[in-house]
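Below are the chains, spelled out letter by letter.
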There are 4 protein chains.
Amino acid sequence: MTMQPWQEQLQAWLTIYQSYTAKGHVATYIPALAHANPQALGISLYLPDHRLIEAGDTTTLFTMQSVSKVVNFMAACETRGLAKVLENVDVEPTGDSFDSMIRLEIHKPGKPFNPMINAGAITVAALLPGDHEQQKIDHFLTMMERCIGRKPRINPEVYASEMKTAHRNRAIAHYLKGSGYLDAEVEDALNVYVKECAVEVTTRDLAKIGLILAHDGCHPITGERIVTKKTAQVTNSLMLTCGMYNASGKTAAFIGIPAKSGVSGGILASVGRRSPHTSNPFPDGCGIGVYGPAIDEYGNSVAGIALLQQLSEAWDMSIFSS
Amino acid sequence: MTMQPWQEQLQAWLTIYQSYTAKGHVATYIPALAHANPQALGISLYLPDHRLIEAGDTTTLFTMQSVSKVVNFMAACETRGLAKVLENVDVEPTGDSFDSMIRLEIHKPGKPFNPMINAGAITVAALLPGDHEQQKIDHFLTMMERCIGRKPRINPEVYASEMKTAHRNRAIAHYLKGSGYLDAEVEDALNVYVKECAVEVTTRDLAKIGLILAHDGCHPITGERIVTKKTAQVTNSLMLTCGMYNASGKTAAFIGIPAKSGVSGGILASVGRRSPHTSNPFPDGCGIGVYGPAIDEYGNSVAGIALLQQLSEAWDMSIFSS
Amino acid sequence: MTMQPWQEQLQAWLTIYQSYTAKGHVATYIPALAHANPQALGISLYLPDHRLIEAGDTTTLFTMQSVSKVVNFMAACETRGLAKVLENVDVEPTGDSFDSMIRLEIHKPGKPFNPMINAGAITVAALLPGDHEQQKIDHFLTMMERCIGRKPRINPEVYASEMKTAHRNRAIAHYLKGSGYLDAEVEDALNVYVKECAVEVTTRDLAKIGLILAHDGCHPITGERIVTKKTAQVTNSLMLTCGMYNASGKTAAFIGIPAKSGVSGGILASVGRRSPHTSNPFPDGCGIGVYGPAIDEYGNSVAGIALLQQLSEAWDMSIFSS
Amino acid sequence: MTMQPWQEQLQAWLTIYQSYTAKGHVATYIPALAHANPQALGISLYLPDHRLIEAGDTTTLFTMQSVSKVVNFMAACETRGLAKVLENVDVEPTGDSFDSMIRLEIHKPGKPFNPMINAGAITVAALLPGDHEQQKIDHFLTMMERCIGRKPRINPEVYASEMKTAHRNRAIAHYLKGSGYLDAEVEDALNVYVKECAVEVTTRDLAKIGLILAHDGCHPITGERIVTKKTAQVTNSLMLTCGMYNASGKTAAFIGIPAKSGVSGGILASVGRRSPHTSNPFPDGCGIGVYGPAIDEYGNSVAGIALLQQLSEAWDMSIFSS
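Notes on the structure in this doc start here. (Residues numbered from 1 in each chain as written. Chains lettered and ligands numbered in written order. Predicted model: local features only at pLDDT ≥ 70, side-chain atom pairs only at ≥ 80, totals over all residues. Heavy atoms only, no water.)

Facing 44 residues of chain B, the contacting portion of chain A comprises 44 residues. Around 3400 Å² of area is buried between chain B and chain A when both sides are counted, 54% of it from carbon and sulfur atoms. Between chain B and chain A we count ten salt bridges in total. Across the pair A:Asp316 and B:Lys229 runs a salt bridge, and its minimum N-O distance is 3.0 Å. (Contact = heavy atoms within 4.5 Å. Buried area = accessible area lost by both parts, 1.4 Å probe. Salt bridge = Lys/Arg side-chain N within 4 Å of Asp/Glu carboxyl O.)

Okay, the sheet that holds strand E8 (residues 286-291) of chain C next. All names here are of chain C. A sheet is described by the order of its strands in space; here five strands give the open sequence E3-E2-E8-E7-E6, paired in antiparallel fashion. Only two strands of the sheet have a single neighbouring strand rather than two, namely strand E3 (52-56) and strand E6 (259-261). Between one strand axis and the next, the sheet turns by 10° as a mean value, whatever way the strands run. With three bridges joining them, E6 and strand E7 (residues 266-271) adopt antiparallel strand pairing. Paired with Lys260 across the strands is Leu268, a residue of E7. (Pairing = 2+ DSSP bridges. Helix = DSSP H or I, 4+ residues; strand = E, 2+ residues; numbered from the N terminus. Axes fitted to C-alpha atoms, helices over the stretch in contact; angles between N-to-C directions.)

Take the pattern of salt bridges next. Pairing of side chains with opposite charge becomes possible as their charged atoms draw close. Inspection of the entire model under this criterion finds 67 salt bridges over all chains. Where A:Arg168 meets A:Asp99, a salt bridge forms, and the shortest distance between an N and an O atom there is 3.7 Å. Of this pair, A:Arg168 sits in helix H9 (residues 167-178) while A:Asp99 is found in the loop between helix H4 (82-88) and helix H5 (102-106), placing the two residues 69 residues apart along the sequence. The class of A:Arg168 is partly exposed, set by a relative accessible area of 21%. Each member of the salt-bridge network shares a partner with another, and the members are A:Asp96, A:Arg103, B:Asp96 and B:Arg103. (Buried < 20%, exposed > 50% of the residue type's maximum accessible area, 1.4 Å probe, protein only.)

Attention shifts here to the relation of the copies chain B and chain A. To go from the first copy of the chain to the second, apply a rotation about an axis and then a shift along the same axis. For the match of chain B to chain A, the screw axis carries a shift of 0.0 Å, the RMSD comes to 0.0 Å, and the turn is 180°. The two molecules are tied by a two-fold rotation axis, judged by turn and shift. Of the residues that chain B buries at the interface, 100% are likewise interface residues in chain A, meaning the two copies contact each other through the same surface. (Least-squares fit on C-alpha atoms with pLDDT ≥ 70 in both.)

Summed over all chains, the structure comprises zero disulfides over all chains. Of all cysteine sulfurs, the one in D:Cys218 lies closest to D:Cys147, which takes part in no disulfide; the gap is 12 Å. (Disulfide = S-S within 2.5 Å.)

What follows is about unusual backbone geometry. A positive phi angle is found at B:Asp316, which is not glycine, with a value near 50°. Mapped onto the elements of the fold, B:Asp316 is located in the segment after helix H14 (302-314). Judged by relative accessible area, B:Asp316 falls into the buried class, the value being 8%. Located in the positive-phi region is C:Tyr245, a residue other than glycine, with phi close to 50°. Among the secondary structure elements, C:Tyr245 is positioned in the loop between helix H12 (229-242) and helix H13 (248-254).

The next subject is the packing of aromatic side chains. All names here are of chain D. Counting across every chain of the model gives 24 aromatic pairs over all chains. Note on Tyr17 and Tyr20: the rings are 5.0 Å apart at their centroids and 65° apart in plane angle, and the pair reads as edge-to-face. Note on Phe62 and Tyr291: the rings are 4.3 Å apart at their centroids and 10° apart in plane angle, and the pair reads as stacked. With a gap of 229 residues between them, Phe62 in strand E4 (residues 62-63) and Tyr291 in strand E8 (residues 286-291) connect regions that are remote in the sequence. (Phe/Tyr/Trp six-rings, centres within 6.5 Å; stacked < 30°, edge-to-face > 60°.)

Honestly, it's all geometry; don't read function into it.
Here you go:
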């Protein structure tokens, strides 16, 4: 069957929602992010039969930022086991900001609440096998390669520039070390975490990862199992309950697609197979990658969110649709 | 097709997990709850073709307690409109306890975070139409009747006894009034909320409500639309992200079924239609009602949770299974 | 010795600092307060030999508001004993706002932190002897009469109007009731507290109370003991550490006089006997009453604070001056 | 006049309160502190005429720990000016623990609340002049030398051992850096702070510092001005309102002497000149140093506090006594 009608539909929506980019602002806390084109917008849908439905900026490379937390968690579960990882990080959503430390202090003993906030992600990065930073980051890159088919590049400027201003994340890492939730040297864990954030991808790459998560952790093209079914389910659950910063609840309620965003404007989303009763035109599921660097007050791509909501409603993609 | 094999399977699991009741304790803050039989355990699955699969205590009446928050939200959305309700309450999960007030004070202007915690539920109860308590509670009871086919009874002892010790909830209601998030007299809103908590149901009743939510808000037997599809999706999303107290994230990750629990030991769960790729034996969805008054540290039925996890794993019922 | 030079000096300062009233705003949350003259400013110093040094609006009646917390505490200690009172309220300063509830929830079991914030004052008001509101408030009024020589009036409009909007204080009272720190019916305790806030005084009255606290609890004219020396010391300590809302630390550091303010613009201050090494012209101490209804962001009289700082510096009145 | 009666009285009290050491525990988070003799107890009173009244362990060297925060603040004010210091740190008490970070996050922009908690002390240490750690710590040691007449030693084991476990303080320092309240490199500021904590003193040394603060910042023997009168008053005020951890309010109320404690069991206290009306036998003031390494739940020397309260009551030393 031809992709064309959907492709055209997607293109039409993209044209509409591109105007939404004006409502947001490009993240400016590091120069590399500030140079992004605020009007950029792109989306890729990757189907299990290898077909792509795309519109807009789908070949622009951008850094993963918080989207990397998903792959960080997958890599740690795959190498250390889900049970070991969950001894060190909980899976509960919070209403706090992504870089909050309050809950670590109030809720003793200070186990980070979930792997989608900075504290949890740093704890998880520390769990990656290896005594040093290099070995740990290699495990992340290997997981990336297995998902997207190539070893991605770590953007050296973004990495260097984030390390220089990583005061809050350093504070978090030292705090975790002090309370026994950092199974690595602070600088090693921090370097791994910041390098992961600086990994470059396109919307197509994110769509590929999303498709694997949509298929219970199996690569739909090669059939290879990337993570266990249980890990895939936990990852999807974490994206749905905690993936979109403090708009996670709203995204779950009004879009209903497990998704993880980053301040660079990327969104990775996973649409599993749905009941044939829904009007979803892709009953075998799909992965979605979005790029729109103008972000809203929560840190999510303004136009990206609008586009996802349009897709979810028009194509009946919510996990809660039955 | 005969229900018998599933019935027998369910009975076998119930026998196993009944021993888990010893790990929990019956809620004691009001005498009526303290008199519950701690070993009680029952479960009902209600299928869209009207068939029931059941085991254990499925005819015991117990008070809804926090499970009523689901119907409270449905009734308010149906009568006032989803948009109006969401002006007064957010849909974001928190990691705080169900009766917490901290977030109201820290996050100005103090809009309650979601309708599944006490603050949000009291705000929602106040929105039910009518100038007085009686009219408001009638809207709740009408919604109940439309879902379960009979007008349920409000347990007068439980109601009276909860009103007497409702200090914290009164504090919350007055706080909400002070910050502009209580669209009723404090005593009216509180009475409605506490009466809702005291409504008596069986597991079968909860399963019926669950099935409606599993079917996008339509009554699968009568075909009647009970709430809009959008309201049903938001309700399911709220149950998944905030329905099981501070174990909501864990329930989403390891069970993956939208569910709402109460301290009386009830759980209402909604399993939507799933993709035929899953091994779920009920591809057309089902509603589930559980009763097990021995609760854990979070406030959830210990054996009930174990039973639900068994079902979800054995029958591939997770919303994240694809 | 003649008062004239000090009187003239005081008048000169008052003229200077009256312009500071423009930096503040009159409290508006109840109409009665909003009608105050924002430019009003008055100060009374009461010496142990009965002499008064005054300038400005010293005969205007205004409601005590939070200044009443001082007399509330004195009355409870005198009638129930200091030890009994301190079983129910701590004496620790907090950095939270006067009507905060956060600390009650975070620090179990929820004993209010000190009698100078609303939660603590409501707990203390509940401890006043008597089964009903009337008996309790009578104990407060009796303590007032012993201090100022007349039974003051409760402003009925202010009382009625504060009761109508006392949502937050009602929330606090119900919370305290729920955690076992309210030894009275909620409405009784609240009525007593709000009536105390509505008691009318002049700067002269406040100066008289201040002088008693400056003299270890004895009335310097009559020689009558009003409260024990220990109670007087604890009261002065509470004023110094917690009496000026979230500017208490700054007031202690830069003024160094135990003082309690209210949103009506009143300040009660107590200057004890000082070492003859200081240049304080009133080595036998004095009581100070201030009225300046234009308040700053903390809730303290803008011009009143400036005037007190001027006095403290010029007349070497800080308790930390040696 | 002979010291003997007081000396004997002090010795008698020391004998009584030494049994209180059994109620506390020696701090164990670093080995050097854990080796302290839990029964040790000593006290020195230093009078302006150079006389000493002493009892118990007054020549044992112990590390200053948090007591150093007082001299840290004095040194920074003397070298950078009080105004500059107060741009970077507030003077408000909090009810939070000494190593809390919650308030930095909740109260934007994150200015530390006072110089007596870790966050504030690290900010103040960073303000000491010099580009590197060595220059900064030299300013602290110079201030110490001016107060106690000798250059004290930094205990190298305690310093090294605290640096190794300084995770929480590192977290605080990085947090401050990120929010603009650390005017130095993180490691420099941290090293200065930890070295200050490791400075060795005796009770006699602390009494000398206390006497300077009791005399408005002048050395009573040499007549030399050590800090400005304003700085001395602010320091005394900070000790009274925030010097004894979360028992600061209780210490102010029931002892009424500006004091700063450390987890090594030291207490520095300052008793200014008092009115001749009091029965204080030392009307010209005194400095007090206490050492009793068995500490209570707040971190204060159990027997030291009891001894101070005895002195304050028997010798009428409270700043609130008049």
